[in-house]
Every structure is written in structure tokens, then in C-alpha cells.
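Understanding the architecture of this molecule
Residue strings, one per chain:
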Amino acid sequence: MPEEVQRGVAMQYSMKNSRIIVDALKAAGIDFVATLPDSFNTQVHKLIRDDPAFKWVVATREDEAMAIAGGAFLGGKKPCVIMEASGYGNCAGYLARIAIVHHIPLLILSSHVPALGEMYYHHSETRYLAEPVLKGCGIPYCALMRIEDADTIIREAQLTVEGQKVPVAIMIPRHIYYEGR
Amino acid sequence: MKRSEVVNIFAKKRTEEIVLTNIALVSRQIYATCHNDMTLYRIQMGYPLPMGIGLALALPQRRVIVLDGDGSLLMGLGALTTAANENPKNLGLIVFDNECYDNPGGLPSATAGKADLAAIARASGVANSVTSSTVAEFEAALDGALAKQELFCIIAKVERTAPEEEKIPTLPFDLTENTYMFLRALTDAGLIKGWREGFSRPLRTTK
């Protein structure tokens, strides 16, 4: 039996893909994850929570998670924020005023809607804020459309984070986190 | 009590603590009284405490003190619950509570009404949370907190900004520069590796 199944839908989390994502984060040097968990990335969180290679902190809002990660960066960690794309609506102020002005970089993994597949209107409308917020802040981002690219994209994104000292967002659509239909 | 009185007591007792300040005038007062480069100034409202949590978790060997205001803390009350659950013993929070939004003309904040920030902190799980209304109370609270390795929160009830406090000069650097100064200071103290050109190169495969 799958550990968790979406209500009324014949799909389940892809444990294999979640493991690939976590392994890619580890390979990129990420050692600190701050989050407001999201249904998309539940399995990723469980793997990270149980892995001593990561410090895992649950915040009460997405922007709080970013600020915690920002503090961890200042203290020498290589942080990542994992969140739902709807959270960008809470984060514009942090990204513009702290990440950009104070020049505090950050890797962000968020769920992604414009890649299609979102079934709920009430979810999609808030998640559509993600790209305008990132564009407005001048933050580089990309979508991870194929799990085979996870290691490369996460590694390259973290190179940009560390080399250019900027936030970078990787947006992950539903079909990466789930399998089935 | 005046905010400058609280700042002066803090400045007198500051030793090797890393300090984060909020965006308010306290940033300029700290610069004028006890600046060192392990100080990150003028953090946007709502974010000083969560940044302090992340920094304290990353550097458990060094005390981190966050200087915040009532309006700023009220914007991010959830961080008190995160601080309590993570419980970094090297983190302290001092809140200058003047019960108003000082810059926009002193319009009242929630603490001018029924909100009690020390009670909120305690209910969030920060057990060592007190309110001080006099200079003597604040000094005793700070001495007690610094004597222990324990997460603490001190709410300092202060008056609105006095005219003479407004005359303190602005910071002689911008906030991006401040980050680089801060990271350099942590690097020189051996607390972090710091950053340099080509910082990310070790991630690249050389084969």
C-alpha cells in the first residue's frame, strides 16, 4: 500500500523521485533546510527530516523560512528553502528587502503550477504569483521538468547561488513528485 | 525609560555577541554606542528574529542577540514559536516596546492595547521571557539572561523617541556593505569560512 494517497485520485508520491531530489541537494552541499511543508514535497521533507546530513527547521510562514535560511547562510551553512509556490505571495518583501538589498543568497525549491497538472483552482491562483514575484525581484528560476535533470539543475543552481550570491528558485511540477494518474 | 538608556546598558555589557538589529532608530543607537563588525543592521520588519534563529542554529558556539521593536516582532509572531521549538540556547531577543509605530507619527501598536509580548513569548514556549519597565529592571534582566546559556526574551518598555535621539547620524555604510563587513568579521574570527571569488568552484567536477 502506498504510504499516502491523494483523496479520490489514483496517484501516489514518487519515493524514487523524492530520493533523487534529496540526494541532489546533498551532492550540491545543502546542509540546512527551512520550510513550510507542502503536500507536493511531503516525502522530500520526510527524507530530509530523517537524514542527519541536514538541519531541518519548520517555520510558520514561507518568508520566515527564508529569513531563517538567510541567517543560517550568514552562519556558514548552505541553506535551502522548500515550500509551496503559493508562498511567494508572502515572500516578496523578504526577497527584495533582505535577499537583494543585504545580498544574502538562497536556494529555493518550490512546487510549480504553470507546468500544468494542477487540479484545483483555489490552489492554482495563489501559485501563479510565483513567477511574477521572482521576475519582479530579478531572481533567476527554472522548472525541473524531468527528474533525470534533478542532479544537474540543483547543482548548477547552487553554483549560481554561491558564485553570484543571489537567490535562485527551482520550481518542481506535480508530475515529478507524484506517479500514477 | 528612554530607549537610549536601554541601549547604553546593553552597550556596556556587550562583549563578543553577534548582534542583529531591526530597521528602527535602535540600529543607529547601537552603531553609535557599541558597534563592531559582527553587527547586522536595519533588518526589515518581521525578519530580525527568524534571521537570528538561523544564525544561532548555524553558530551554536557564539551568542546571537536580536534587537527588535514591538511593531517588527508583531509582524512575525510565529517566529517565537519556531524559536521556542528549536530552542537555540545561544539566542536572545530584546524588544524595545514603545507601544507605537514611531516613525509614522506614533500611531499605536497592539501593545498599546491588550497585547503582552512577554506573555505571548512565554505562551509560545520561550519560558525565559520577562518585561522590564525601569532601567534597573532591564539591567537585572539582562544580567540574569547573559549569565546563563538559555534562550531568552526581554521586553523593554520604552518611551517614544525623544528629540535628541533623532539626531543620531545615519549609518556610514549601506546594507550590502554591512553584510560583507559582517561576513568578513565572522571569517576573521574563525566562525565561518567566508566568501571569496570563485567560492562555488569546489562544487564543479574537475574530471
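First, a word on scope: everything that follows refers to the structure included in this document.

1. With respect to the overall build of chain A
- Check the secondary structure of chain A and you find eight helices and eight strands.
- Residues counted as buried form 49% of the 181 residues belonging to chain A.
- Of all intrachain contacts in chain A linking residues separated by at least 6 positions in sequence, the fraction that spans at least 24 positions is 79%.

2. Here we look at the environment of A:R155
- With respect to the helices and strands, A:R155 occurs in helix α7 (residues 150-164).
- As a C-alpha pair, A:R155 and A:K26 span 129 residues in sequence and 9.5 Å in three-dimensional space.

3. Quick notes on the nonpolar core
- Counting 115 residues, the largest nonpolar core has A:A69, A:V81, A:L106 and B:I154 as the members making the most contacts within it.
- Beyond its immediate sequence surroundings of up to four residues, A:A69 is in contact with A:F32, A:A34, A:P79, A:V81, A:L106 and B:G54.

4. With respect to the environment of A:L129
Residue and element names in this part refer to chain A.
- Tracing the sequence through the fold places L129 in the loop between α5 (121-127) and α6 (130-137).
- Note on L129: 19 C-beta atoms within 10 Å, which makes it partly exposed.
- Residues L129 and R49 lie 80 residues apart in sequence; the distance between their C-alpha atoms is 28 Å.
- When residues no more than four places from it in sequence are discounted, the contact partners of L129 are Y88 and G89.

5. With respect to the sheet that holds strand β3 (residues 55-58) of chain A
Residue and element names in this part refer to chain A.
- With respect to topology, six strands assemble into an open sheet ordered β3-β2-β4-β5-β7-β6, the strand pairing being parallel. Only two strands of the sheet have a single neighbouring strand rather than two, namely β3 and β6 (141-143). Across the sheet, the mean angle from the axis of one strand to that of its neighbour is 20°, orientation sign disregarded.
- By the bridge criterion, four bridges tie strand β4 (residues 79-83) to strand β5 (residues 106-112) in an arrangement that is parallel. Pairing of C80 across the sheet is with L107, part of β5.

6. A few points about the packing of helix α3 (residues 48-58) of chain B against helix α5 (residues 78-86) of chain B
All names here are of chain B.
- Their axes nearest at 9 Å, the elements α3 and α5 cross at an angle of 20°. Relative to α5, the element α3 is oriented roughly parallel. Viewed along their axes, α3 and α5 form a crossing whose handedness is left-handed. For the pair α3 and α5, the contacting residues are L49, P50, I53 and L57 in the first and A79, T82, A83 and E86 in the second.
- A breakdown of the residues in the contact of α3 with α5 according to their chemical character gives six nonpolar, one polar and one charged.

7. A closer look at the interface of chain B and chain A
- Facing the 29 residues of chain B at the interface are 32 residues of chain A.
- Elements supplying a minimum of two residues to the side of chain B that touches chain A: α3, α5 and α8 (175-188) of chain B.
- Considering each element in turn, the side of chain B that touches chain A owes the most residues, eight residues, to α3(B).
- Across the side of chain B that touches chain A, the residue classes break down as 17 nonpolar, ten polar and two charged.

Procedures and definitions
- Along every chain, residues carry numbers that run from 1 in the direction the sequence is written.
- Lettering of chains starts at A and numbering of ligands starts at 1, both following the order in which they are written.
- For a predicted model such as this one, the threshold for reporting local features is a pLDDT of at least 70, and the threshold for listing and counting side-chain atom pairs is 80 or more; totals across whole chains, interfaces and linings nevertheless cover every residue.
- Secondary structure counts use DSSP, requiring at least four H or I residues in a row for a helix and at least two E residues in a row for a strand, with both numbered from the N terminus.
- Exposure classes come from backbone-placed C-beta atoms, where a residue is buried if 20 or more other C-beta atoms lie within 10 Å of its own, exposed if 12 or fewer do, and partly exposed in between.
- Residues are treated as contacting if the C-beta atoms built from their backbones sit within 7 Å of each other.
- Remark: nonpolar core denotes a set of buried Ala, Val, Leu, Ile, Met, Phe, Trp, Tyr and Cys residues whose joining runs through C-beta atoms within 7 Å.
- DSSP bridges decide pairing: two strands pair if at least two such bridges lie between them.
- For helices, the fitted axis covers only the stretch in contact; all axes are lines through C-alpha atoms, and the angles between them, taken along N-to-C directions, range from 0 to 180 degrees.
- Angle categories are assigned with fixed cut-offs, so that under 35 degrees is roughly parallel, over 145 is roughly antiparallel, 65 to 115 is roughly perpendicular, and the rest are oblique.
- The handedness criterion is simple: a crossing whose near helix is rotated anticlockwise from the far helix by less than a right angle is left-handed, and one whose near helix is rotated clockwise is right-handed.
- Only Asp, Glu, Lys and Arg are considered charged, only Ala, Val, Leu, Ile, Met, Phe, Trp, Tyr, Cys and Pro nonpolar, and every remaining residue, Gly among them, polar.

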